[in-house]
Amino acid sequence: MKKILSLLFLVVLFQSCDDGDLTVERIDFSDVTTSSCGETLYKLNGNEALYLKIPASFNAFRNEVTPADQPRTIPIGSSVSVTYRAYNGSPSAGNICNTPGPISPVATTEWTATAGNIEIRTTAVYTTNEATGATRISRYSHAISFKNIIFSKPEGTQIYDTFNFGEFSTTPTSLPFNFSPDDLKLCTTNNVLYNARINGIEGLSIQNFNEALLSTSNLGVPKRGLITGSSNTLTYRLFTTALTTSDNSNYFCPSTFPDFPPTSEIWVAQNGIENVSGIIEVTTTTNGTGYLHSILLKGVTFQKGNDTFYFGDAILLGNLLTTD
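Residues numbered from 1 in each chain as written. Predicted model: local features only at pLDDT ≥ 70, side-chain atom pairs only at ≥ 80, totals over all residues. Heavy atoms only, no water.

### Some words on the state of the cysteines
Note on terminology: a disulfide is the covalent bond linking the sulfur atoms of two cysteines.
Piece 1. The final tally for this structure, using the stated rule, is two disulfides.
Piece 2. Across the disulfide from Cys37 sits Cys97; the S-S distance is 2.4 Å. With a gap of 60 residues between them, Cys37 in strand E1 (residues 35–37) and Cys97 in helix H2 (residues 93–97) connect regions that are remote in the sequence.
Piece 3. Residue classification places Cys97 among the partly exposed positions, given a relative accessible area of 30%. (Disulfide = S-S within 2.5 Å. Helix = DSSP H or I, 4+ residues; strand = E, 2+ residues; numbered from the N terminus. Buried < 20%, exposed > 50% of the residue type's maximum accessible area, 1.4 Å probe, protein only.)

Printed below as a string of structure tokens:
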């Protein structure tokens, strides 16, 4: 009887050690900083390394906030790869970035992902100007995770339902906002108010500007209008090359904006809420034989796609001189 039980035990033991079963191993890089080298992101942890390569053509880490519960999803395979390696020493950036790589340390174990998806959730990280209340995007944070990833390894396969790779940051395009109050102009051919420096690379404009805000009655008393999609539409443009006309009217005053210079970013102000946000406030006073209109933008938030930033509590758009 003892011999029979011993044989049964050995059968069970051999079955549990069948090559089709996994030797459970866990890899964890959650507390390790992400570095980059060209198209490859990597993490180094002692004698271990985890690599993620996504070709630039996927534009996976673009500076654009992803909607809630709608991450960018990229399937693993072909040119998109995830690799884990263990070395006989501590690797460095030279093991990843140099071609050919250094002779030492040597990789002793390699896992290669054969299936699964990469999910990327992008959020904007802000800095705040305490004096004006304005916020600006200082960086974009890309949270990267793998879903249903399957690694092929020497012992067989390893499957993770969810594996968090970590965060990777990118720098946003700089928006200078280098405006002078004295550069504010009103187009004579249509109701467009704009501020743009000669030879500058940016412009603020208000289309369908409500000229009643320039009324010369009730001097010194602020007049207010709301930013909307149909009137007082405020837009910020960043150009790829500088404006070159003598007064910039050739760009801002035609019925449609010209193609040159091309824009790299366009941000449109959100619609205003009465006494709360998106307010254009004009205070008019006499100036010699004419009038000076001081124009403030109050509680304005700009938006581009899913991205937003707060312009400030009360920002001077400029001072406009008129003769009547």
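Here the narrative resumes, following the displayed structure.
### Regarding the pairing of strand E5 (residues 81–87)
Piece 1. Of all the seven residues making up E5, five are buried; the element is thus mostly covered by neighbouring parts of the structure.
Piece 2. Taken together, the five bridges between E5 and strand E6 (residues 107–128) define a ladder with antiparallel strand orientation. The partner of Thr83 across the bridge, within E6, is Thr112. (Pairing = 2+ DSSP bridges.)

### Brief notes about the pattern of salt bridges
Piece 1. Considering all chains together, one arrives at six salt bridges under this definition.
Piece 2. Where Glu281 meets Arg224, a salt bridge forms, and the shortest distance between an N and an O atom there is 2.9 Å. Highlighted residues: Glu281 in strand E15 (residues 279–287) and Arg224 in strand E12 (residues 223–226), separated in sequence by 57 residues.
Piece 3. What makes Arg224 partly exposed here is its relative accessible area of 46%.
Piece 4. Its salt-bridge partner being Glu281, residue Lys298 comes within 3.4 Å of it at the nearest N-O pair. In this pair, Lys298 sits in strand E16 (residues 290–304) while Glu281 sits in strand E15, placing the two residues 17 residues apart along the sequence.
Piece 5. A residue is classified by how much of its surface remains accessible, and Glu281, at 8% relative accessible area, is buried.
Piece 6. Overlapping salt bridges, with partners in common, bring together Arg224, Glu281 and Lys298 in one network. (Salt bridge = Lys/Arg side-chain N within 4 Å of Asp/Glu carboxyl O.)

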